[in-house]
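Here are the chains, one letter per residue:
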Amino acid sequence: MLRVMTWNIKTGGRDRTGPGRLDRVARVVAAWRPDLLAAQELRGFDSGGVLAGFAVAVGMRPYLARSRCGQPVAVLVRPPLRVVAAGPVRRPFHHAAVRVTVATDAGPLTVLGTHLDPYSGLRRRVEAGWLAAAVGRVPGAGPGALALLAGDLNTLAPGTDHTDRVARLPAAYRRRHLRRDGRTVETRAVARLAAAGLVDLYDALAPGDEVATAPTRHGGGAEFSGMRLDYLLGTPALARLARSCTVARGGETECASDHYPVLADLDLHPA
């Protein structure tokens, strides 16, 4: 069984004051032992050996994509999984996207780790289109392709009434989740990925349970009002192999970041 995790660790595990949270992040990752970790908001991880040190601490190999104007993202892989291809998705994302393909007993599995634009729903929709196209180019593209899109999509899911959730936000943050008419909740980025055939693993395995992934209890997050913004989206072939999908709560997840980790167990094994 392969375990995948996506987690926005908030500004590289560092705050403007205090000792930092990266040790807590590492302990949470070590406790859940994902085989594949899509991590976002890796501020400072592209210099000074921070990424290498974190990778050693969690026992994984890192594959980073630098950002044009935001923060890097990475996918980390735990041995004995064998990486057969890796590299950034070369589009002008606000943050970044990275593609890593590993060998499994059911064929190549491609994980795309990303973090969509936090400010503009229109930009998120465009970025979602780039990611949908990237999924269409994964090895073995077609009905049997195994691909997983993992990350902080900064977008509420379609099919749920988010009116009260958005209304609770301060005005400056409310605008991030409304379309230009100022009334309609912006869900088009996730809708676009669903239209491309991707399956929301959490919704598929726990339908109707709109659990929040941000904010955590002690991690801050005035820009959140109890929102599910972090996703694991799989191709239909991958979704059929998903056995569980959960949001990790409690313990140090409540203070290690302002987002909770999302995890799924897949009926796959290293090749």
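A quick note: this is a predicted structure, and the numbers were derived from the prediction, not measured.

Undergrad: Explain unusual backbone geometry residue by residue, including any values.
TA: Note: most peptide bonds trans; most residues except glycine with negative phi. Residue P80 is bonded to the preceding P79 through a cis peptide linkage, with omega at 15°. Mapped onto the secondary structure, P80 falls in the loop between β4 (73-77) and β5 (82-88). Cis rather than trans, the peptide bond between A214 and P215 has omega equal to 0°. Within the fold, P215 resides in the loop between α7 (201-205) and β10 (230-234). In this structure, T11 is a non-glycine residue whose phi angle is positive, near 45°. Within the secondary structure, T11 sits in the loop between β1 (2-8) and α1 (22-32). Its relative accessible area of 18% is what places T11 among the buried residues. With phi around 45°, R33 is a residue other than glycine that occupies positive phi space. In this structure, R33 sits in the loop between α1 and β2 (36-40).

Undergrad: Tell me what's going on with the sheet that holds strand β11 (residues 242-247), and back it up with residues and numbers.
TA: If you trace the 6 strands from one edge of the open sheet to the other, you get β3-β4-β2-β1-β12-β11, paired in mixed fashion. Bordering the open sheet on either side are β3 (61-65) and β11, each of which pairs with just one other strand. Within this sheet the neighbouring strands show an average axis-to-axis angle of 15°, counted without direction. In the sheet, β3 pairs with β4 via 5 bridges, with the strands oriented antiparallel. Each bridged residue has a counterpart across the sheet, and for P62 the counterpart in β4 is L76. In the packing of α1 onto the sheet, contacts are made with β1, β2 and β12 (262-266), and the angle to β1 comes to roughly 160°.

Procedures and definitions
Residues numbered from 1 in each chain as written. Predicted model: local features only at pLDDT ≥ 70, side-chain atom pairs only at ≥ 80, totals over all residues. Heavy atoms only, no water. Helix = DSSP H or I, 4+ residues; strand = E, 2+ residues; numbered from the N terminus. Buried < 20%, exposed > 50% of the residue type's maximum accessible area, 1.4 Å probe, protein only. Pairing = 2+ DSSP bridges. Axes fitted to C-alpha atoms, helices over the stretch in contact; angles between N-to-C directions. Contact = heavy atoms within 4.5 Å.

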